[in-house]
Amino acid sequence: MTVLRKNLIDGEWLGEAGSRNINPSNTNDIVGEYASAGPEQAKQAIAAAKAAFPAWSRSGPLARHAVLKKTSDEIMARKDEIGRSLAREEGKTLAEGVGETIRAAQIFDFFAGETLRLSGEMVPSVRPGVGVEMTREGVGVVGIITPWNFPIAIPAWKVAPALAYGNTIVFKPAELVPESAWTIVDILHRAGLPKGVLNLVMGKGSVVGQAMLDDPDVNAISFTGSVGTGKRVAAASVEHMRKFQLEMGGKNPLVVLDDADLAVAVDCAVNGAYFSTGQRCTASSRLIVADGIHDRFVDAIKERLDKLVIGDALDAKTQIGPVVDQTQLKQDEDYIAIGRQEGAELAFGGDRLERGAPGFYLQPALFVGSTNAMRISREEIFGPVANVIRVKDYDEALAVANDTPFGLTSGICTTSLKHATHFKRNSEAGMVMVNLPTAGVDFHVPFGGRKGSSYGPREQGRYAMEFYTTVKTAYTFAG
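Since the model is a prediction, treat every value here as computed from it, not as a measurement. Residue positions are given per chain, counted from 1 along the sequence in the order it is written. Predicted model: local features are reported for residues with pLDDT of at least 70 only, side-chain atom pairs are reported and counted for 80 or more only, and whole-chain, interface and lining totals are derived from all residues. The side-chain figures draw on all heavy atoms in the structure; neither hydrogens nor water molecules are used.

Observations regarding the overall build of the protein chain
(1) Moving on: A tally of helices and strands in the protein chain yields 15 helices and 23 strands.
(2) Moving on: Over its C-alpha trace the protein chain gives a radius of gyration of 23 Å, about what one expects of a compact globule, namely 23 Å for 479 residues.
(3) Moving on: Once the C-alpha set of the protein chain is aligned to its principal axes, its extents read approximately 75 × 65 × 40 Å.
(4) Moving on: With a 1.4 Å probe rolled over the protein chains alone, any residue whose accessible area is under 20% of its type maximum counts as buried; one over 50% counts as exposed, and the rest are partly exposed. Among the 479 residues that make up the protein chain, the fraction classed as buried is 56%.
(5) Moving on: Restricting the contact set of the protein chain to residue pairs at least 6 apart, pairs at least 24 apart contribute 73%.
(6) Moving on: Of the roughly 19200 Å² of accessible surface on the protein chain, a fraction of 53% belongs to carbon and sulfur atoms. Per the convention used, a helix needs a DSSP run of H or I reaching at least four residues, while a strand needs a run of E reaching at least two, with both numbered from the N terminus. With C-alpha atoms as the basis for the radius of gyration, the globule rule is written as 2.2 Å multiplied by the number of residues raised to the power 0.38. Whether two residues are in contact is decided by their heavy atoms, any of which lying within 4.5 Å being enough. Accessible surface area values rest on a Shrake-Rupley calculation with a 1.4 Å probe, where residue burial reflects the displayed protein chains alone.

The structure is reproduced here in C-alpha cells:
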C-alpha cells in the first residue's frame, strides 16, 4: 500500500493525496503519495509561523541547539536509508544520495554549533556615559522554496540557519522530490520544535509559492530555482519590502590550459559536467580548452565517457543515473538538437538509452567545434550536456569564461601558479576552483555567485547570518 505523506501546519499533519512521486529510474515504481496544499493551507501555515515567532525568536541557545543536534544525529544515523530514498526519487546515484544525506547532517551539526556562538558587539559612544550594543535578531517568518536537484542538502542549508537564528519557517519543496523534504521536517518535528515554528506546505509553485509571495506576513524568502521564477520572487518581494535571497543557476566555465595535467583536467571535466546527470547549477557545461591540449583532451574525454556506466540509480555499479523526469529529458534533447542546428559537432552521445525498466536515461553528450555565441554556450541546459570551445591562449580563455550572463562558479586546470593566481582574482564568479571540478563545495563556507546567478547575501557557513538576521543597535545612558 502506498504511503501518504501529509503537510505539517501548526504542529499537525494535514491534507489529502494530491501528487505521486515517481522513480525516474523505473517509472513503474511509485515512491509515495503526497498532500498538495491549497492557498488556504498556505495562509494557515504563514499565520502559524507568525504566531510562533515571538517565543521561538526569544528561545535560549540550548533549546535551538538541542533540536538541530538531534536532527543532525538522526540524519547521520539513517544516512543509508535516507540516501537510498533520495536516489530513488531524484535519480542521482546511490553513492551521491548517501553523500548528500551526510552533507545535510553536517549542515545541521554546524548550525547547532552556531546557536552557541551567537555574539554581538559593545562599543563606547562618542557621548560620555552612553554605551552602544549591536546585536542580531531573527527577521521573522521566512519562506523557503527549494529545487529538485539537491532534495535534502539545499533544504538543510536554508532551514538550519533559519532556525538557528530564531526565525520561523514556511517551507515549500519541489514537487518532484517531496520525500526527502518530508523526512527532514518529520525529524525536526520529532526533535522537539514547538508547533508553528516549521511548517511544510507541499504543492504546486503556482499555488503555494504564489500564496507565499502575496502574503505581507512573510518577512523574507530564500529561493533556489530558475531565473524566471527568481525574478518573480524579487518583484513580489520588493512590493512587500521583504528580504529576498536568490540562487538561480549558472553556465559555468572550466578552462583547460596547455600546461594542465591531462588526467586531472579530464577528471575535473567529467565530474563537473556529467556527474549527478549534469543536473547541478555548478556543473561545468562550457569546457574552454587551449589549442595545444585540445585534441588530446577531447579524445580522452570521449574515451572516459564511453566507459561510464549509465543505469538505475540504486544499482551500486551505476555512475550516472537517469534524468529527473520527462520534461527535463525533453529539454536536454531539445538543446542537443539546437547545438547541431547551430553548427556544433556532436562528438559523443546524446541518445536515449534503454535499460531493464522504463526510465529517463540519456547518454552523456559532448559537443566540439562550438563557439561562445551559441545557445548551448549561453543558456543553462541542466543535463548531461557539455560543449568544448577552442581558444588560443590564457587571455582568450579568461575572456570567454567571463563572457556569460551568469557568474556562479568557474574552474581552471593548469600547473602555472601565475595563471592560477590571475584566474582566481579575475574570474567573474562567486566561487573559483583550481584543478578541481566546478561542482563540489564545502558546507561550512559561503555559497553563491554574481551577475544572473545569485542575488542577496551568501548561503552556508557563518555568512548565512547576513540573510537570516537583522541588526539592532541599542544605546544606554548610565546616568
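Some remarks on a negative patch on the surface
(1) Moving on: Only residues above 30% relative accessible area that lack a salt bridge enter a patch, with like-charged residues linked at up to 9 Å and the nonpolar side chains Val, Leu, Ile, Met, Phe, Trp and Tyr linked at up to 5 Å. Criterion for a salt bridge: a side-chain nitrogen of Lys or Arg within 4 Å of a carboxyl oxygen of Asp or Glu. A positive count includes Lys and Arg, and a negative count includes Asp and Glu. His and the chain ends are not counted in either. Think of each charge as sitting on NZ of Lys, CZ of Arg, CG of Asp or CD of Glu. Residues Asp258, Asp259, Asp393 and Asp395 make up a contiguous surface patch of negative charge.
(2) Moving on: Relative to the helices and strands, aspartate 259 is located in the loop between β13 (253-256) and α9 (262-274).

Remarks on the nonpolar core
(1) Moving on: Here the nonpolar core consists of buried residues drawn from Ala, Val, Leu, Ile, Met, Phe, Trp, Tyr and Cys, with membership extended through side-chain atoms lying within 4.5 Å. Core analysis: the largest hydrophobic core is formed by 62 residues, its most contacted members being Phe111, Leu163 and Leu188.
(2) Moving on: Looking at this core, the element that brings in the most residues is helix α5 (residues 153-164), giving 9 residues.
(3) Moving on: Leave out the neighbours within four places in its chain, and leucine 188 touches Val67, Leu68, Thr71, Phe108, Val159, Leu163, Leu193 and Leu198.
(4) Moving on: Residues Ala265, Ala269, Tyr274 and Ala300 belong to the second largest nonpolar core, which totals 30 residues.

Some thoughts on the layout of surface pockets
(1) Moving on: Both site types are read off a 1 Å grid over the protein atoms alone. A 1.4 Å probe that fits but cannot get out defines a cavity, while an open set with protein on both sides within 12 Å along at least five of seven lines defines a pocket; lining residues have an atom within 4 Å of a point. Grid points are joined across faces, edges and corners, and a volume is the space filled by probe spheres set on the points. There is about 1100 Å³ of room inside the largest pocket.
(2) Moving on: Every residue lining the largest pocket is counted, 36 residues in all, and those nearest its centre are Trp148, Phe223, Gly225, Ser226 and Thr229.
(3) Moving on: For the lining of the largest pocket, the secondary structure elements donating two or more residues are α7 (205-214), β11 (220-224), α8 (227-240) and α11 (326-342).
(4) Moving on: When its residues are assigned to classes, the lining of the largest pocket shows 16 nonpolar, 14 polar and 6 charged.
(5) Moving on: As for the second largest pocket, its lining consists of 21 residues, of which Arg103, Phe150, Ser276, Arg280 and Gly440 are closest to the centre.
(6) Moving on: When residues of the lining of the second largest pocket are traced back to their parent elements, those giving at least two are α4 (94-115) and α5.
(7) Moving on: It is α4 that contributes the most residues to the lining of the second largest pocket, 4 residues altogether.
(8) Moving on: For the lining of the second largest pocket, the per-class residue count stands at 8 nonpolar, 7 polar and 6 charged. Here the term charged refers only to Asp, Glu, Lys and Arg, the term nonpolar to Ala, Val, Leu, Ile, Met, Phe, Trp, Tyr, Cys and Pro, and the term polar to all other amino acids, Gly among them.

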